[in-house]
Amino acid sequence: MALERTFAIIKPDAVAKGHTGDILSMIEHNGFRIIGMKMRRIAKPEAEAFYAVHKERPFFKGLVNFMTEGPVVVMVLEREDAIAKWRELMGATNPANAAEGTIRKRFAENIERNSVHGSDAPETAAQEIPFFFGTAELL
Ligand code: IDP
Ligand code: MG
């Protein structure tokens, strides 16, 4: 497996509760190199565009409100098989189903306020990385 990049977010619930450092530590201890990172807020139109694939879902409005309620940390992570490995470290969308040792098992409040985001496929990563980062911001 070649080096791969994925896009990650530490969501507003986890930032507000002071879990940023613990999550970054888990990322680094699991062999990811953080090649881009910034703390910022996501504006409503940005959240709507970012999650456009979910716009017909009943949870869409709540999701957009949640993702815009406070600061997030957006990141680009690099390692072998980064997309799958990051999804594995995140854990299942619903923390009730998340495996021991995953970020969502440890920190997520519920299926919506679930602490982290990760790209789900190479095509998604290729869209999500430039959504938040210019090439000069990736080190
Ligand atoms: P993922 O983040 O594990 O890839 P997706 O199905 O892509 O999960 O959903 C995107 C985000 O939407 C989730 O991380 C979660 O914040 C929210 N979400 C997903 N399903 C539900 C739901 O049934 N109720 C409320 N929020 C949900
Ligand atoms: Mg998803």
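Because the structure is a prediction, the values reported are computed rather than measured. (Residues numbered from 1 in each chain as written. Chains lettered and ligands numbered in written order. Predicted model: local features only at pLDDT ≥ 70, side-chain atom pairs only at ≥ 80, totals over all residues. Heavy atoms only, no water.)

(A) Molecular detail of the packing of aromatic side chains. Considering all chains together, one arrives at seven aromatic pairs under this definition. Ring geometry for F50 versus Y51: centroids 5.0 Å apart, planes at 85°, classification edge-to-face. Geometrically, the ring pair formed by F131 and F132 is tilted, given 5.0 Å between the ring centres and 55° between the ring planes. Owing to a relative accessible area of 33%, F131 belongs among the partly exposed residues under this scheme. Across from the ring centre of F133, 4.5 Å away, lies the NZ or CZ of K38, which sits over that ring. Its end group placed over the ring of F32, R79 keeps NZ or CZ at 5.5 Å from the ring centre. (Phe/Tyr/Trp six-rings, centres within 6.5 Å; stacked < 30°, edge-to-face > 60°. Buried < 20%, exposed > 50% of the residue type's maximum accessible area, 1.4 Å probe, protein only. Lys NZ or Arg CZ within 6 Å of the ring centre and 35° of its normal.)

(B) Representation of the site of ligand 1 within the structure. Around ligand 1, a shell composed of K11, Y51, H54, F59, L63, R87, T93, R104, I111, E112 and N114 is seen. Interatomic distance of 2.5 Å between a side-chain N/O atom of T93 and an oxygen atom of ligand 1. R104 is positioned such that a nitrogen or oxygen atom in its side chain is 3.1 Å from an oxygen atom of ligand 1. For ligand 1, whose accessible area on its own is 530 Å², the fraction buried by protein is 80%. In terms of residue class, the shell around ligand 1 is made up of four nonpolar, three polar and four charged. (Near = heavy atom within 4 Å. Polar contact = N/O pair within 3.5 Å; in protein donor to acceptor, adjacent residues only side chain to side chain. Areas by Shrake-Rupley, 256 points an atom, 1.4 Å probe, with all protein chains shown as cover. Nonpolar A, V, L, I, M, F, W, Y, C, P; charged D, E, K, R; others polar.)

(C) Structural detail: the side chain of N114. As for its position among the elements, N114 is in the loop between helix 6 (103-107) and strand 4 (116-118). Residue classification places N114 among the buried positions, given a relative accessible area of 2%. There is a polar contact of 3.2 Å between the side chain of N114 and the backbone oxygen of T93. Among the polar contacts made by the side chain of N114, one reaches the main-chain carbonyl oxygen of I111 at a distance of 3.3 Å. Non-local contacts of N114, meaning those with residues more than four positions away in its chain, are made with K11, D13, F66, T93, R104 and A108. (Helix = DSSP H or I, 4+ residues; strand = E, 2+ residues; numbered from the N terminus. Contact = heavy atoms within 4.5 Å.)

(D) Region of the structure containing the environment of A121. With respect to the secondary-structure elements, A121 resides in the loop between strand 4 and helix 7 (122-132). On the accessibility criterion, A121 (16% relative accessible area) is buried. Each C-alpha atom, one on A121 and one on G101, is 23 Å from the other, the two residues being 20 residues apart in sequence.

(E) Structural context of the sheet that holds strand 4. Pairing is antiparallel across the open sheet formed by four strands, whose spatial order is 2-3-1-4. Here the strands that pair on one side only, and so sit at the sheet edges, are strand 2 (33-40) and strand 4. Sheet twist, expressed as the average angle between the axes of neighbouring strands with direction ignored, equals 20°. The pairing of strand 1 (residues 3-10) with strand 3 (residues 72-80) spans eight bridges and is classified as antiparallel. If you follow E4 over to strand 3, its bridge partner there is R79. (Pairing = 2+ DSSP bridges. Axes fitted to C-alpha atoms, helices over the stretch in contact; angles between N-to-C directions.)

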